[in-house]
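Report on the structure
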Amino acid sequence: MPRHKHATPGKATTAGHHARHAETRIRERRGRVAGEAARLIAEGGLRDYHQAKLKAAQRLGISDDASLPRNREIEDALREYQRLFRPDHADGLRRRRDAALRALEFFEPFDPRLVGPVLGGTADARSPVALLLHSDDADAVPRFLDQHGIPAEASGRRLRLDRVRSGDFPVWLFSAEDLTFDLTVLPRILLRQAPLSAVDERPMQRANAAQLRRLLAEEEITGYEGAPPA
């Protein structure tokens, strides 16, 4: 009878070792690219995570797609970089979050939500306080700003609502407390589900005034850790 050939335990063990070694090398390269991309964002002023990781990979001589980190990995690396190399980052973030709370209270008629780096913990000196306001009246927000004597610049922004739908929405920019405030006005129906984040294409993390108060109170108790609680 013909004999069946079987892989020897030694060969199987060697193959498994090589596979684990390759996975470890990929993880290490991803970490190096994420760290360099975080440095480029923190020090070089890059805002686009995709551009930052491509530039970082080029600088490190890494070209395979498997070694390119996800945007969320870059954000985590940026948070760690700021913690290690920007000792004043915590104070600046706290200042922006305090200002964001006052803005959430001020824009209460529009069911405001804080989003972006100020909420996520990666805000730097160039980061605006970004709010989502909700109104079905396109003129309500500029009228409100005008009534309170706040000069604002009109702009626009395209956001992805889900995997297939996108929309263009009005944006109002103004300065207060030596900070820039960025207001995106959405229809009230979008209170049900946030637009998708450009970082990970999941619904944006949002916080209302009560949630931000809790975050600030927890920071007072536990100390600054950078990221908001899950």
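First, a word on scope: everything that follows refers to the structure included in this document. From a predicted model like this one, the values you see are computed outputs, not experimental measurements.

A few words now on the pattern of salt bridges. Pairs can form between side chains of opposite charge whenever their charged atoms are close. Scanning the entire structure with this criterion turns up 23 salt bridges. One salt bridge connects Asp76 with Arg79, and the closest N-O pair in it is separated by 3.2 Å. Of this pair, Asp76 and Arg79 both sit in helix α3 (residues 71-85), three residues apart, roughly one helical turn. Asp76 sits in the partly exposed class, given a relative accessible area of 42%. Between Glu177 and Arg102 there is a salt bridge, with its nearest N and O atoms 2.6 Å apart. Highlighted residues: Glu177 in the loop between β4 (166-176) and β5 (179-186) and Arg102 in helix α4 (residues 89-106), separated in sequence by 75 residues. Through salt bridges with shared partners, a single ionic network connects Arg94, Arg97, Asp98, Glu219 and Glu220.

Despite not being glycine, Asp111 shows a phi value in the positive range, around 45 degrees. Here Asp111 shows up in the loop between α4 and β1 (113-115). With relative accessibility at 27%, the residue Asp111 sits in the partly exposed group. In this structure, Asp178 is a non-glycine residue whose phi angle is positive, near 60 degrees.

Before going further, it helps to spend a moment on the pairing of β5. When you tally the buried positions in β5, you get seven out of eight residues, the bulk of the element. In this sheet, β5 lies alongside strand β2 (residues 129-134) in parallel orientation, the contact comprising six bridges. Looking across to β5, one finds that Leu131 is bridged to Leu183. Alignment of β4 against β5, held across six bridges, turns out to be antiparallel.

What follows deals with the nonpolar core. Most often, soluble globular proteins keep nonpolar side chains buried together rather than apart. Phe107, Leu114, Val129, Leu131, Leu145, Leu183 and Leu212 are the most contacted members of the largest nonpolar core, which totals 31 residues. Going through the elements one at a time, α4, α5 (117-120), β2, α6 (140-147), β4, β5 and α7 (209-222) are the ones with two or more residues in this core. The residues touching Leu145, leaving out its near neighbours within four places in the chain, are Phe107, Ile150, Ala152, Trp172, Phe174 and Leu183. Judged by nonpolar contacts, the second largest core, of 17 residues, contains Val33, Leu40, Ala52 and Ala56.

How each quantity is defined
- Residues numbered from 1 in each chain as written.
- Predicted model: local features only at pLDDT ≥ 70, side-chain atom pairs only at ≥ 80, totals over all residues.
- Heavy atoms only, no water.
- Salt bridge = Lys/Arg side-chain N within 4 Å of Asp/Glu carboxyl O.
- Helix = DSSP H or I, 4+ residues; strand = E, 2+ residues; numbered from the N terminus.
- Buried < 20%, exposed > 50% of the residue type's maximum accessible area, 1.4 Å probe, protein only.
- Pairing = 2+ DSSP bridges.
- Core = buried A, V, L, I, M, F, W, Y, C linked by side-chain atoms within 4.5 Å.
- Contact = heavy atoms within 4.5 Å.

Note that all results are geometric; they support no functional claim without further evidence.
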